[in-house]
Amino acid sequence: MSKINVIDLGIVEYEYGYQEMKKIHSTAVQSEENYLILCEHYDVYTVGQNEKEENFPVPVIKTDRGGSITFHGLGQPIFYFVFKVESPKVFYKKVIKSFSEVFNLLSDKIYHDFKNPGFYVENRKIASLGFRYSKNYSLHGVAVNHSVDLDKFNLIKPCNLDGYSATSLIKEGINVDKEKFKSMVVESILKNFSK
């Protein structure tokens, strides 16, 4: 596995973060290095390639990732993976393992569902996943609800799942500091992808 560069963009507009991810993807293809981009977005709904855009109180942006509709906002750390991928299946397993290890340390109630990709507490979604692959590199990634505005999130059906709602670590009583949580995830990703 080649070197993993970690870049924290802080709080940025979705479209700025998306353009940065594309720029970094071009760099990665040339350098053959991997980039893990951390950020948070101002309030926005994003829809996957096969979904219709709808009217909501904050912007709705069509993306080129898989998956359906989701909400991004402050209090939701996002981990964008621009990683060289030989096998999407192996890559995805390592992503799941990295997040599962951190979630297991925080609570025994959080589980990953392969059928409805994401992490859940019962029928409440706590993290969303969406990837795309281009030139043997991954794009997009994982968004975790730490302390995000759930009222705006629950105006939609998370990833169009009936009977599910969005939740957050804080709402579930998992009072981990956001920066500490991000560090734990980065450490787990670096460990699992160094193998």
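It should be noted that the structure appears before, not after, this text.
Quick caveat: nothing in here was measured; it's all calculated off a predicted structure.

1. Looking at the overall build of the protein chain
Turning to step 1, where the next piece is worked out: What the protein chain contains, in helices and strands, is four helices and eleven strands.
Turning to step 2, where the next piece is worked out: Relative to the globule expectation of 16 Å for 195 residues, the C-alpha radius of gyration of the protein chain, 16 Å, shows essentially globular dimensions.
Turning to step 3, where the next piece is worked out: By sequence separation, contacts in the protein chain at least 24 residues apart represent 67% of the contacts at least 6 residues apart.
Turning to step 4, where the next piece is worked out: Here the protein chain has roughly 9,300 Å² of accessible surface; of this, 49% comes from carbon and sulfur atoms.
Turning to step 5, where the next piece is worked out: Taking the average location of the 25 positive side-chain charges in the protein chain and that of its 24 negative ones, the two points are 6 Å from each other.

2. Regarding helix α4 (residues 178-192)
Turning to step 1, where the next piece is worked out: Its 15 residues place the ends of α4 21 Å apart at the C-alpha level, agreeing with the 21 Å of an ideal helix rising 1.5 Å per residue.
Turning to step 2, where the next piece is worked out: Residues of α4 that are buried sit in contact with β1 (4-12), β2 (34-41), β6 (78-82), α2 (88-106) and β10 (137-144).

3. Points about the pairing of strand β8 (residues 118-121)
Walk down a regular strand and you will see the side chains alternate between the two sheet faces.
Turning to step 1, where the next piece is worked out: Side chains Gly-118 and Tyr-120 project from β8 onto one buried face, and the interleaved Phe-119 and Val-121 project onto a second face that is buried too.
Turning to step 2, where the next piece is worked out: The pairing of strand β7 (residues 110-113) with β8 spans four bridges and is antiparallel. Within the sheet, the bridge partner assigned to Ile-110 lies in β8 and is Val-121.
Turning to step 3, where the next piece is worked out: Two successive antiparallel strands, β8 and strand β9 (residues 124-134), enclose a turn made up of two residues, where Glu-122 displays a positive phi of approximately 55 degrees.

4. Digging into the nonpolar core
Turning to step 1, where the next piece is worked out: Core analysis: the biggest nonpolar cluster contains 32 residues, and Phe-81, Phe-99 and Phe-103 have the highest contact counts within it.
Turning to step 2, where the next piece is worked out: Elements represented by at least two residues in this core include exactly β2, β6, α2, β8, β9, β10 and α4.
Turning to step 3, where the next piece is worked out: With seven residues, the top contributor of residues to this core is α2.
Turning to step 4, where the next piece is worked out: Of all hydrophobic cores here, the second largest spans 17 residues; its members include Tyr-18, Met-21, Ile-24 and Tyr-137.

Reading the values: the criteria
Residues numbered from 1 in each chain as written. Predicted model: local features only at pLDDT ≥ 70, side-chain atom pairs only at ≥ 80, totals over all residues. Heavy atoms only, no water. Helix = DSSP H or I, 4+ residues; strand = E, 2+ residues; numbered from the N terminus. Rg over C-alpha atoms; globule rule 2.2 N^0.38 Å. Contact = heavy atoms within 4.5 Å. Areas by Shrake-Rupley, 256 points an atom, 1.4 Å probe, with all protein chains shown as cover. Lys, Arg positive; Asp, Glu negative; His and termini not counted. Charge placed at Lys NZ, Arg CZ, Asp CG, Glu CD. Expected span 1.5 Å × (residues − 1). Buried < 20%, exposed > 50% of the residue type's maximum accessible area, 1.4 Å probe, protein only. Pairing = 2+ DSSP bridges. Core = buried A, V, L, I, M, F, W, Y, C linked by side-chain atoms within 4.5 Å.

Geometric descriptors of this kind do not, in isolation, establish any biological role.
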